[in-house]
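Observations on the model geometry
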Amino acid sequence: MELRTLRYFIAVAEELHFGRAATRLHMSQPPLSRAIKQLEAEIGALLFARSPTGVTLTAVGAVLLDEARALLDHADRVRVRVSAAAGVASLTVGILGDGTDPGVVRLAAAYRRAHPGVDIHIRDTDLTDPTCGLRAGLVDIALTRAPFDESALTVRALRSDPVGAVLRADDPLARRDRLRLAELSERRWFQFPQGTDPIWQSYWNGGRPREGPIVRAVQECLQAVLWSGTIGLAPLGHDLPAELAVVPLIDMAPSRVVAVWNKGDANPLIRSFVETATAAYRH
């Protein structure tokens, strides 16, 4: 069995759908299906029960899933130890201004336990670059939020958070249980500087052009709300000063927390980081 084929198998087993697994692996579905059928032929048993809506693991598939995960984890540890012996076991991680996220905290603890010999460098970035310096070659991998231009990048979704409007606590709308974007159409919104990813800008402006002050960091957004009554958006569940309130937006798409890295980057430390992140954010 090749490690690559086992990675294909794990993707299908986790997605329980060949189409979604192919999308996750950035490949077309036919070669993925052929690889799984070849793996089943090598083993001499079906790994999946197939249906028009997806697949389910067979008993044999469930056993292989546990073993495949363990084997790939071991392979990653081998690569990391070899890299450490060569003096290159370091990884630079870009984080989009939210290092207090519980998922980040769990990830840091889990990665230290699994890879104590890897030297992690953190680059905390502002809101003007959703890839956290990835395209500029400043980081190896980024923990950030989508959507943004994903060309030449590989993106793994870790979590989705509902979004709300950040308002001053004395704003009449702050007493509402929920809001629609249309109810904020006449208000000023914060803007990102010229040259910021337009997909990213559009999302945080609720999908349409807005007018308002230019900001670069989370604290600048909050201060714009506090001082000027500017509308800001933020994922729900984050602590805010007592002077501010957040009201859920019922027609705003959730904000996706993602891990993103350059497509084709074969650094084994990236794969181990992504797998650890996926588990940490799942809880």
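Look up a bit, the structure's there.
Residues numbered from 1 in each chain as written. Predicted model: local features only at pLDDT ≥ 70, side-chain atom pairs only at ≥ 80, totals over all residues. Heavy atoms only, no water.

Some details on the overall build of the protein
Each helix and strand in the protein was counted, giving 8 helices and 10 strands. For the C-alpha atoms alone, the extent of the protein along its principal axes is close to 65 × 50 × 30 Å. In the protein, buried positions account for 45% of the 283 residues. Contacts spanning at least 24 positions in sequence make up 71% of the contacts within the protein whose residues lie at least 6 apart. Side-chain charges in the protein split into 33 positive and 32 negative, and the spacing between the mean points of these groups amounts to 4 Å. (Helix = DSSP H or I, 4+ residues; strand = E, 2+ residues; numbered from the N terminus. Buried < 20%, exposed > 50% of the residue type's maximum accessible area, 1.4 Å probe, protein only. Contact = heavy atoms within 4.5 Å. Lys, Arg positive; Asp, Glu negative; His and termini not counted. Charge placed at Lys NZ, Arg CZ, Asp CG, Glu CD.)

Brief notes about the pairing of strand β3 (residues 90-96)
With 6 of 7 residues buried, β3 is to be regarded as a mostly interior element. Direction of pairing for β3 relative to strand β4 (residues 119-125): parallel, over a ladder of 7 bridges. Bridging across to β4, Leu91 finds its partner in Ile120. As defined by bridge partners, β3 adjoins strand β5 (residues 141-146) across 3 bridges and the pair is classed as parallel. Residue pairing for β5: Gly94 is matched across the bridge by Ala142. (Pairing = 2+ DSSP bridges.)

Considering the pattern of salt bridges
Taken as a whole, this structure holds 12 salt bridges when the rule is applied. Note that Glu15 and Arg20 form a salt bridge whose closest N and O atoms lie 3.8 Å from each other. Asp171 is the partner of Arg187 in a salt bridge, and the nearest nitrogen-oxygen pair spans 2.3 Å. Here Asp171 lies in the loop between β7 (163-168) and α6 (198-204) and Arg187 lies in the loop between β7 and α6, a separation of 16 residues in the sequence. Relative accessible area serves as the criterion here: at 27%, Arg187 is assigned to the partly exposed category. A cluster of three or more residues bridged by salt bridges with shared partners is formed by Arg145, Arg159 and Asp161. (Salt bridge = Lys/Arg side-chain N within 4 Å of Asp/Glu carboxyl O.)

Side note on the nonpolar core
If you look at the biggest cluster of nonpolar residues, it comprises 35 residues, and the most contacted ones within it are Phe148, Leu179, Leu184, Trp204, Leu233 and Leu249. Where this core is concerned, the elements lending two or more residues are β5, β6 (153-161), β7, α6, α7 (218-228), β9 (244-248) and β10 (255-262). When residues no more than four places from it in sequence are discounted, the contact partners of Leu184 are Ala165, Leu173, Leu179, Trp189, Arg210, Ile231 and Leu249. Leu6, Phe18, Ala21 and Val55 belong to the second largest nonpolar core, which has 21 residues in total. (Core = buried A, V, L, I, M, F, W, Y, C linked by side-chain atoms within 4.5 Å.)

With respect to the environment of Arg180
Residue position: Arg180 is located in the loop between β7 and α6. Along the primary structure Arg180 and Ile122 are separated by 58 residues, whereas in three dimensions their C-alpha atoms are 37 Å apart. Setting aside residues no more than four positions away along its own chain, Arg180 makes contact with Leu249, Ile250 and Asp251.

Remarks on the packing of helix α2 (residues 18-25) against helix α3 (residues 29-43)
Across the interface, α2 lies against α3 with an axial gap of 9 Å and an inter-helix angle of 110°. With respect to α3, the element α2 is oriented roughly perpendicular. Taking contact as the criterion, the partners of Phe18, Gly19, Ala21, Ala22 and Leu25 in α2 are, on α3, Gln29, Leu32, Ser33 and Ile36. Its residues placed into classes, the contact of α2 with α3 shows 6 nonpolar, 3 polar and no charged. (Axes fitted to C-alpha atoms, helices over the stretch in contact; angles between N-to-C directions. Parallel < 35°, antiparallel > 145°, perpendicular 65-115°, else oblique. Nonpolar A, V, L, I, M, F, W, Y, C, P; charged D, E, K, R; others polar.)

So, the sheet that holds β6
The sheet built from 5 strands is open, its strands ordered β4-β3-β5-β10-β6 with mixed pairing. Of all strands in the sheet, those with a lone pairing partner are β4 and β6, marking the two edges. Along the sheet, successive strands turn relative to each other by an average axial angle of 25°, direction set aside. Packed onto the sheet, helix α8 (residues 268-282) meets β3, β5, β6 and β10 and runs at close to 15° relative to β6.

Things to note about the packing of aromatic side chains
Aromatic ring pairs are described here by two measures, namely the spacing of the ring centres and the angle between the planes. Taken as a whole, this structure holds 7 aromatic pairs when the rule is applied. Measuring from ring centre to ring centre gives 6.2 Å for Phe192 and Trp200, while their planes differ by 20°; the resulting arrangement is stacked. For Phe192, a relative accessible area of 6% gives the class buried. Judged by relative accessible area, Trp200 falls into the buried class, the value being 1%. With a centroid separation of 5.8 Å and 70° between ring planes, the pair formed by Trp200 and Trp204 is classed as edge-to-face. In this pair, Trp200 and Trp204 both sit in helix α6, 4 residues apart, roughly one turn of the helix. The class for Trp204 is buried, based on a relative accessible area of 7%. Here a set of aromatic residues connected by ring pairs shows up, and it is made of Phe190, Phe192, Trp200, Tyr203 and Trp204. Over the ring of Trp189 we find Arg210, and its NZ or CZ is 3.9 Å from the ring centre. (Phe/Tyr/Trp six-rings, centres within 6.5 Å; stacked < 30°, edge-to-face > 60°. Lys NZ or Arg CZ within 6 Å of the ring centre and 35° of its normal.)

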